[in-house]
Number of protein chains: 2
Amino acid sequence: MNEKIAETIQKIEPVNFKLMEKAQEKLDNLTKPQGSLGKLEDFARRIVGISGTLSPAIKRKVIFVMAGDHGVAEEEVTFQMVYNFIRGGAGINVLARHMGAEILVVDMGVVKDFPLEESIIRKKIAYGTNNMAKGPAMSKDKAERAIIAGIEVFESELSKKGIDIIGLGEMGIANTTPSSAIVACLTESKVEEVTGRGTGIDEDQFKNKIRVIKQAIEVNHPDPEDGLDVLSKVGGFEIGGLAGCILAAASHQVPIVIDGFISCASALIAIKLAPLVKDYIFASHNSVEKGHKIALKYIGKIPMFDLGMRLGEGTGAALGISFIEAGVKILSQMASFADAGVDKNSR
Amino acid sequence: MNEKIAETIQKIEPVNFKLMEKAQEKLDNLTKPQGSLGKLEDFARRIVGISGTLSPAIKRKVIFVMAGDHGVAEEEVTFQMVYNFIRGGAGINVLARHMGAEILVVDMGVVKDFPLEESIIRKKIAYGTNNMAKGPAMSKDKAERAIIAGIEVFESELSKKGIDIIGLGEMGIANTTPSSAIVACLTESKVEEVTGRGTGIDEDQFKNKIRVIKQAIEVNHPDPEDGLDVLSKVGGFEIGGLAGCILAAASHQVPIVIDGFISCASALIAIKLAPLVKDYIFASHNSVEKGHKIALKYIGKIPMFDLGMRLGEGTGAALGISFIEAGVKILSQMASFADAGVDKNSR
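All of these numbers come straight from a predicted model, not from anything done at the bench.

**Student:** Explain the overall build of chain A to me, please; I cannot follow it from the model alone.
**Tutor:** Broken down by element type, chain A carries 14 helices and six strands. Taking 347 residues into account, the globule formula puts the C-alpha radius of gyration at 20 Å, and chain A, at 20 Å, falls close to it. Principal-axis analysis of the C-alpha atoms places the extent of chain A at approximately 70 × 45 × 40 Å. Here chain A, with 347 residues, has 64% of them falling under the buried criterion.

**Student:** What exactly am I supposed to notice about the confidence of the model for chain A here?
**Tutor:** Parts of the model with low pLDDT should not have their predicted coordinates read in detail. Per-residue confidence for chain A gives a mean pLDDT of 96; residues scoring 70 or more make up 98%. Per the prediction output, this complex has pTM 0.96; the corresponding ipTM is 0.96.

**Student:** Looking at this structure, I do not really get the side chain of Ser336 of chain A. What am I missing?
**Tutor:** Residue and element names in this part refer to chain A. Mapped onto the fold, Ser336 is located in the loop between α13 (315-333) and α14 (337-340). Residue Ser336 is classed as buried on the basis of its relative accessible area of 17%. Look past the residues within four positions of Ser336 in its chain and what remains in contact with it is Asn29, Leu30 and Thr31.

**Student:** What am I meant to see in the pairing of strand β2 (residues 102-109) of chain A here?
**Tutor:** Along any regular strand, the residues point their side chains to alternate faces of the sheet. Residue and element names in this part refer to chain A. In terms of residue burial, β2 counts as a mostly covered element, since six of its eight residues are buried. Both strand β1 (residues 61-68) and β2 contribute to a ladder of seven bridges, which runs parallel. Looking at β2, one finds that Phe64 is bridged to Leu104. Note that β2 and strand β3 (residues 121-122) share two bridges and pair parallel. Note that in β3 the partner of Val106 across the bridge is Ile121.

**Student:** Would you mind showing me how to read unusual backbone geometry here?
**Tutor:** Apart from glycine, the bulk of residues carry a negative phi angle, and the bulk of peptide bonds sit in the trans form. Unusually for a residue other than glycine, His221 of chain A sits at a positive phi of about 45 degrees. Of note, the phi angle at Ala174 of chain B is positive, near 80 degrees, even though the residue is not glycine. Among the structural elements, Ala174 of chain B can be located in the loop between β4 (165-171) and α7 (176-187). In this structure Ala174 of chain B comes out as partly exposed when scored by relative accessible area, which is 26%.

**Student:** Would you mind going over helix α8 (residues 203-220) of chain A with me for this structure?
**Tutor:** Every α-helix winds through 3.6 residues per turn, so residues three or four apart in the chain are directed the same way. Residue and element names in this part refer to chain A. For α8, which comprises 18 residues, the first-to-last C-alpha distance of 26 Å matches the rise-based estimate of 26 Å (1.5 Å per residue) to within 8%. Buried within α8 are the following residues: Phe206, Lys209, Ile210, Val212, Ile213, Ala216 and Asn220. Each buried residue of α8 lies within a common arc of 160 degrees when the element is viewed along its axis, so the set occupies one face. Among the exposed residues of α8, those oriented more than 90 degrees off its buried face are Asp204, Lys207 and Glu218.

**Student:** Can you walk me through the environment of Ala326 of chain B in this structure?
**Tutor:** Note that Ala326 of chain B resides in helix α13 (residues 315-333). You can call Ala326 of chain B buried: its relative accessible area is 0%. For the pair Ala326 of chain B and Leu40 of chain B, spaced 286 residues apart in sequence, the C-alpha separation works out to 6.9 Å. When near neighbours in sequence (up to four residues on either side) are disregarded, Ala326 of chain B contacts Leu95, His98 and Leu319 of chain A together with Leu40 of chain B.

**Student:** Quick question: what am I supposed to make of the sheet that holds strand β6 (residues 281-283) of chain B here?
**Tutor:** Hydrogen bonding along the main chain pairs the strands of a sheet, whether they run parallel or antiparallel. All names here are of chain B. In space, the six strands of this open sheet follow the order β3-β2-β1-β4-β5-β6, with parallel pairing throughout. For this open sheet the edge positions go to β3 (121-122) and β6, each flanked by a neighbour on one side alone. Examined bridge by bridge, strand β5 (residues 256-258) and β6 share three bridges and lie parallel to one another. Bridged to Val257 within β6 is Phe282.

**Student:** Sorry if this is basic, but what is going on with the relation of the copies chain A and chain B here?
**Tutor:** Look at the two chain copies: a rotation about an axis and a shift along it is all it takes to match them. For these two chains of identical sequence, chain A goes onto chain B by a turn of 180 degrees and a shift of 0.0 Å along the axis, with RMSD 0.0 Å. These values place the two chain copies in the arrangement generated by a two-fold rotation axis. Minimal C-alpha distance to the rotation axis in chain A is attained by Phe305 of chain A, lying at 2.6 Å. When you check the interface residues of chain A against chain B, 100% turn up at the interface there too, and the contact is symmetric in its surfaces.

**Student:** What's the story with the packing of aromatic side chains in this structure? I'm lost.
**Tutor:** Between two aromatic rings, the relevant description is the distance of the centres plus the angle of the planes. By the definition in use, this model includes 15 aromatic pairs over all chains. Taking 4.7 Å as the distance between ring centres and 20 degrees as the angle between the ring planes, the aromatic pair formed by Phe79 of chain A and Phe114 of chain A counts as stacked. Note that Phe79 of chain A is positioned in helix α4 (residues 76-87) and Phe114 of chain A in the loop between β2 and β3, a separation of 35 residues in sequence. The exposure class of Phe79 of chain A is buried, given its relative accessible area of 9%. Phe114 of chain A gets classed as buried once you look at its relative accessible area, which sits at 5%. Seen from their ring centres, Tyr83 of chain B and Phe114 of chain B are 5.8 Å apart, and the 50 degrees between their planes marks the pair as tilted.

**Student:** Is there a simple way to explain the packing of helix α10 (residues 237-251) of chain B against helix α11 (residues 261-273) of chain B in this structure?
**Tutor:** Axis angle and axis distance: for two packed helices, these are the angle between their axes and the distance between the axes, and together they describe the pair. Residue and element names in this part refer to chain B. Two numbers describe how α10 lies on α11: the axes approach to 8 Å, and their chain directions differ by 55 degrees. Our classification of the angle between α10 and α11 gives oblique. At the point where α10 passes α11, the crossing takes the right-handed sense. Contacts between α10 and α11 involve Ile239, Leu242, Ala243, Ile246 and Leu247 on the former and, on the latter, Ile262, Ser263, Ser266, Ala267, Ile269, Ala270 and Leu273.

**Student:** What am I meant to see in the sheet that holds β3 of chain A here?
**Tutor:** Residues and elements named next belong to chain A. With parallel pairing, the six strands of this open sheet are ordered in space as β3-β2-β1-β4-β5-β6. At either end of the open sheet lies a strand with only one pairing partner, and these are β3 and β6 (281-283). Those strands touched by helix α10 (residues 237-251) are β1, β2, β4 (165-171), β5 (256-258) and β6, and its axis lies near 175 degrees from that of β4.

**Student:** When you look at the environment of Ile324 of chain A in this model, what are you seeing that I'm missing?
**Tutor:** All names here are of chain A. When you line up the elements, Ile324 lands in helix α13. Once the C-alpha coordinates of Ile324 and Tyr127 are considered, the two residues, 197 residues apart in sequence, prove to be 36 Å apart. With sequence-adjacent residues up to four places away left out, Ile324 is seen in contact with Phe43, Ile47, Ile58, Ile165, Val257, Phe282 and Met304.

**Student:** I tried to follow α7 of chain B on my own but got confused; where do I start?
**Tutor:** Residue and element names in this part refer to chain B. The terminal C-alpha atoms of α7 lie 16 Å apart, and with 12 residues this matches the ideal 16 Å at 1.5 Å per residue to within 8%. Counting buried residues along α7, 12 of its 12 residues qualify, which places the element largely inside the surrounding structure. Turning to α7, its buried residues number three or more, namely Thr176, Thr177, Pro178, Ser179, Ser180, Ala181, Ile182, Val183, Ala184, Cys185, Leu186 and Thr187. Buried positions along α7 lie against α8 (203-220), α9 (227-234), α10, α11 and α12 (290-298). Remark: Glu188 follows α7 within two positions and exhibits a positive phi of approximately 50 degrees.

Thresholds, definitions, all that
- Residues numbered from 1 in each chain as written.
- Chains lettered and ligands numbered in written order.
- Predicted model: local features only at pLDDT ≥ 70, side-chain atom pairs only at ≥ 80, totals over all residues.
- Heavy atoms only, no water.
- Helix = DSSP H or I, 4+ residues; strand = E, 2+ residues; numbered from the N terminus.
- Rg over C-alpha atoms; globule rule 2.2 N^0.38 Å.
- Buried < 20%, exposed > 50% of the residue type's maximum accessible area, 1.4 Å probe, protein only.
- pLDDT = per-residue confidence, 0-100.
- Contact = heavy atoms within 4.5 Å.
- Pairing = 2+ DSSP bridges.
- Expected span 1.5 Å × (residues − 1).
- Arc of directions from axis to C-beta.
- Least-squares fit on C-alpha atoms with pLDDT ≥ 70 in both.
- Phe/Tyr/Trp six-rings, centres within 6.5 Å; stacked < 30°, edge-to-face > 60°.
- Axes fitted to C-alpha atoms, helices over the stretch in contact; angles between N-to-C directions.
- Parallel < 35°, antiparallel > 145°, perpendicular 65-115°, else oblique.
- Left-handed = near helix turned anticlockwise from the far one by under 90°.

Right under this line is the structure:
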């Protein structure tokens, strides 16, 4: 395996379970019945375990929106939508502003180039993947370069102003297709079980989608024990970039909030490469996309909410970050029974 | 019925369904697949219907936290916790700050008086309710005065700086007991079906709680067709105040976000008094408290999320307001296909 990737993986430590117990003690002394803030308390406790401090603070929130095109699909719209991100008019722009997060848009493999004056992070591995129904979506080398690009984007931002939590977002027309293929391989599920209608296709297109995924798996024989092999054979550049982001964030003790089906597929790859990253990951929403539930169950994550969303872009992750931040503020800002002079036993 | 209450009820109009259709048209032209933001789109559409404008904006968010004591319970802790609200150290203070809402704390019937220098809204109807297991919790007159107090608190704040959305919160040790009684009466459910363990009681206390509620209903015979009768016989001052807030908000076209079981019980009373308010109400979270699900189902509301919370105070409502605001911003800030130059048919 490439040295940079191996180094990053080696730096990932288990989360600090001992400190999580201390966090729970602190939570139990706040002016509320024990456990009455439910998952908000879980979020706070886990952030303590990840960050390694009993007084974590979430200041800089960054959503990495990675874009790439796919050999199996029409292509112009990814480019147009990424432009929309840059201009601030997309769903993820609105929701990130709403909860005070920054967005970093990364071109991992869009079929057209963005003019130099546009502010986008340029990590293009190629102009779209190859058609995975006919052969590997990308070479092993390109798969590694996609992961490395994700690591570099994260580390470059981290070195600038620090990062306290990241959200994952993506844009890539047809990228539920490689995601279904990845989830089918890694969870060893039937293609039909993990394939949905994406952002909207009819019955014929749906049947064709299943056929393409089955063919891609048959033609390429991805090895379910090898995350890199799966990424190269049936993945996408944006999916590889997100996997790199996850590895890098975990290696720097930064929590990761995944969005819907595609970012969850990238999480499966990252976990296959480095099982310890699992404890750094939070699932935000339950997307409409069918395979998402199976993928979440496979990695043992329960989503925070289900608003019937299926847009991607990081929109669910944005809302999820806000919940986690709420939990962390409970831990750091609520008065204890002693502070407030409230009788602990009667509360 | 009291004139002020009758006047308020008369001012409540049906929401504007026609404008909601226009809102959906606008949503369908934004740069996303139709319907792909799920409930965020519902929230936006409903806010349009409630506010009567296609370009709603949520600027001032206010959470009314109403406190009262109950003749069936120990009492000092309500007072102490309200002090904690005033000092800014409670869970609701933290979450309201997190999402940019103001809190207004109202003494509706706490057993002790707050010193004059403390900033609390003083609407005390009495020093706690009577023991409902022995007779009415309050007189009809006091029930009306509690509702009127809620109307006045809302209208006084509205006249100062305007209000775009309200959340409901409460504090009153043992107030899940009257709430279970209210929900049992109004939904005509068995007491056992709508009674839970509140913020934490043991098996013996739980059996006693059920016994008290059954006795209160037997002794008082509240009329399930008369919200005011139910409030006076088995209610609470904070519950009446919240019901008044709901009526007032709806009469001024302001959306209402309920919290957990207690505020839902107040919503049942408000809806019984004025069925049209139902469409002005949003359910935020699914609380752990058992009767909450039954009460929500009865008023046809699906909660936005379930984080296993059971604190009350308005903590769930605070998070819920943030989701509604997200939906409204989607409507007002996202680019349309025409704005962004994105091909509508391929998205």
